[in-house]
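If you want the building blocks of each chain, they are given just below.
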Amino acid sequence: MTIKLRKQTINVLKLLKKKQSNVIANDIAEEMNIDYIVLMSAVNELIEHNLGGFKEEELHQISLNDEGKKYVKIGLPERQLLNIILKEGIKEITLDELLKKSNLDRDIFYIGISNLKKKRWISQSKATGENKIFLIAEDFPQTDLEKVLKKFEENNILDYSKLPKNEINLIDILNKRKLIERKRKTNRILYLTDAGKSIAVSKIKELTQVSKITSEMLSSGTWKNYDLKPFDVTKPGPLLKAGKIHPLINLINEIREVFLSMGFTEIRGPIIESAFYNFDALFQPQDHPAREMQDTFYLNRPMEANLPEKDRVLAVQETHENGGDSGSSGWGYAWDINTAKKTVLRTHTTATTMRRLAQFYRNNEKVPVKVFCVDRAFRNEKVDKTHLAEFTQIEGIVIDDNVTLCDLIGLLSEFYRKMGFKKIVTRPGFFPYTEPSMEVSVYYDKLDEWLEMGGSGIFRPEVTYPWGVKEPTRVLAWGQGLERIAMLYYGRKDMRDFYINPIDWLRQQSYLK
Ligand code: PHE
């Protein structure tokens, strides 16, 4: 039977035949300029055909550290000291003088002295009152320690376990003198079996390489004759720079789905809004600070907004002046229709849910009505990491009979739970148009922090009565910040990123939601 092998495997076989003796896998991979994994897969093929194999060998490699390497060149400290003594023809010298001459570190100097004494090449005496050394030998042959040190000149790395006993002792001394580095590693030694050694390469057929297996190959069984081109599944695919949906839009779409799944309908309203819907209908007094130019963008064109039906405008006016039929005493000032006609960039999407409430009145609709709105709002605000002058709110109302604050808490908890925030906390708050009012914070486990998300509450009778929405029908309302959620969602520390659009970050975003 002819043997069929991949081209790479044939090359490995050829090389192993040439080498004859056992060889280290790493060296072969390097010589063939192929990946270690590729080589071992070829070796595995040799094993399958009983042509070769590998065995593992534990290595205990030793080499010199920098200090050791230096001593190979200039000699161990004891030799350096001896060289000074011999060169200058010194017979006796004080330790201090020799230390100065040697330029060695004190510690190393004393190691040198102690080794010279051990060798009995010098002796030390204080007989003269000074601490002196005397040269006492005549012959200073290369020591055994110096001989092993020399071994590293030819071979940077030695295999500790293969050294003879006496050399091992010497290496241990070098090791104690902190001149040695040790490394343990496992080598794979490749070998050919007798069959591998004797087979003629010319007898082996090369498998054709293909990158795909077709159904014909499978049904006819010929796939066995092909060498499947390997591919590395750990390699990243090419970077696709195609267009994709912006992360913020992805998030908005997710929010839409959550509200739709909870039975809500989406509404939208104008960005250019009348002060009437933005403020007056929400029982915000005409001298309220939020209406000031520094908080609100007023528009010159159009200068005036159309107001809704006269009787409703009147109902709002009366509520402001004396409470109308809401049971309130109102703000007690003369309401000005021109102030209500001013045009603004809506400062909150509550203006849009307010319009929905007016529509509820006009169409004489039945409860319940559940609507939401994710849209842009504008405030004359200094822009920084956590504030934008143009931002997005997640707004909504529920018009229904006998609904309570508990329903509102349940609803917002459910919304945030579906968005992936497990815990929310509510605190009393204040808005001119809700009573009671509630601030909402969510717990963000990644930061172990509570983060404020926005306001909510039950619309006051002063807001709902002018539109015929009276007890026991109530309106639950909320307005939350989208960019706040987005920051947590996408781990961005700067809100402006969603509009500045750092290109690298956008490229990292997934194509799918
Ligand atoms: N409009 C408020 C804001 O912009 C939020 C809010 C909406 C509060 C509805 C109560 C009810 O912060």
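As for its placement among the helices and strands, E395 is situated in strand 16 (residues 390-401). A polar side-chain atom of E395 sits 2.7 Å from a polar atom in the side chain of T349. Apart from the residues within four sequence positions on either side, E395 is in contact with T349, T350, T353, V371, F372, C373, W478 and G479.

Below, the discussion takes up the nonpolar core. The tendency in soluble globular proteins is for nonpolar side chains to be buried side by side. By size, the foremost hydrophobic cluster in this structure holds 43 residues, and its most contacted members are I255, F415 and Y416. Leaving out residues up to four positions away in the same chain, F415 has contacts with I255, V258, F259, M262, I394 and I485. L81, L145, F152 and L170 belong to the second-largest nonpolar core, a separate cluster that totals 38 residues.

What follows deals with the packing of aromatic side chains. Given two aromatic rings, one states the distance between the centres and the angle between the planes to describe the pair. If you walk through the whole model with that rule in mind, you get 21 aromatic pairs. Centroid distance F259 to W478: 6.2 Å. Interplanar angle 20°. Geometry classified as stacked. Here F259, found in helix 12 (residues 247-261), pairs with W478, found in strand 20 (residues 473-481); they are 219 residues apart in sequence, far enough to count as distant. You'll find F259 and W478 in the same group, each marked buried. Measuring from ring centre to ring centre gives 5.0 Å for F415 and Y416, while their planes differ by 65°; the resulting arrangement is edge-to-face. Here F415 and Y416 have matching classes, each one buried. Put simply, the rings of F259, F264, F372, F415, Y416, F421, Y444 and W478 pair up and form one aromatic cluster. R182 extends its terminal NZ or CZ atom over the ring of Y160, reaching a point 5.1 Å from the ring centre. For K423, the ring lying beneath its charged end belongs to Y443, and the centroid distance is 4.4 Å.

On the surface, D287, E292, D295, E381 and D384 cluster together into a negatively charged patch. For D287, the location among the structural elements is in the loop between helix 13 (275-278) and helix 14 (310-322). We classify D287 as exposed; its relative accessible area is 63%.

Here we take up the site of the ligand. The full set close to the ligand counts 13 residues, and H348, T350, R379, Q393 and Y433 are the nearest of them. R379 has a polar side-chain atom sitting 2.8 Å from an oxygen atom of the ligand. Taking Q393, its side chain carries an N or O atom lying 2.9 Å from an oxygen atom of the ligand. If the ligand stood free it would expose 330 Å²; the protein chains cover 92% of that surface. If one sorts the elements of the shell around the ligand by residue count, strand 20 sits on top with 3 residues. Residues of the shell around the ligand, tallied by class, amount to 4 nonpolar, 7 polar and 2 charged.

At a minimum axis distance of 10 Å, the contact between helix 8 (residues 144-154) and helix 9 (residues 165-176) shows a crossing angle of 85°. Judged by the inter-axis angle, helix 8 sits roughly perpendicular to helix 9. Along the contact surface, helix 8 presents D144, L145, V148, L149, K151 and F152, while helix 9 presents E167, L170, I171, I173 and L174. Along the lines of polarity and charge, the residues of the contact of helix 8 with helix 9 split into 8 nonpolar, no polar and 3 charged.

Here we have 4 strands laid out as an open sheet, ordered 2-8-3-7, and antiparallel in their pairing. Two strands in the sheet have a free side with no partner beyond their single neighbour: strand 2 (23-24) and strand 7 (158-159). Bridge count for strand 3 (residues 52-64) against strand 7 is 2 bridges, and the pairing is antiparallel. Note that in strand 7 the partner of I62 across the bridge is L158. Packed on one face of the sheet, helix 3 (residues 36-48) meets strand 3 and strand 8 (180-192) and runs near 140° to strand 3. Packed on one face of the sheet, helix 8 meets strand 3, strand 7 and strand 8 and runs near 125° to strand 3.

Reading the values: the criteria
- Residues numbered from 1 in each chain as written.
- Predicted model: local features only at pLDDT ≥ 70, side-chain atom pairs only at ≥ 80, totals over all residues.
- Heavy atoms only, no water.
- Helix = DSSP H or I, 4+ residues; strand = E, 2+ residues; numbered from the N terminus.
- Polar contact = N/O pair within 3.5 Å; in protein donor to acceptor, adjacent residues only side chain to side chain.
- Contact = heavy atoms within 4.5 Å.
- Core = buried A, V, L, I, M, F, W, Y, C linked by side-chain atoms within 4.5 Å.
- Buried < 20%, exposed > 50% of the residue type's maximum accessible area, 1.4 Å probe, protein only.
- Phe/Tyr/Trp six-rings, centres within 6.5 Å; stacked < 30°, edge-to-face > 60°.
- Lys NZ or Arg CZ within 6 Å of the ring centre and 35° of its normal.
- Patch = residues over 30% accessible without salt bridge, like charges linked within 9 Å, V, L, I, M, F, W, Y side chains within 5 Å.
- Areas by Shrake-Rupley, 256 points an atom, 1.4 Å probe, with all protein chains shown as cover.
- Salt bridge = Lys/Arg side-chain N within 4 Å of Asp/Glu carboxyl O.
- Lys, Arg positive; Asp, Glu negative; His and termini not counted.
- Charge placed at Lys NZ, Arg CZ, Asp CG, Glu CD.
- Near = heavy atom within 4 Å.
- Nonpolar A, V, L, I, M, F, W, Y, C, P; charged D, E, K, R; others polar.
- Axes fitted to C-alpha atoms, helices over the stretch in contact; angles between N-to-C directions.
- Parallel < 35°, antiparallel > 145°, perpendicular 65-115°, else oblique.
- Pairing = 2+ DSSP bridges.

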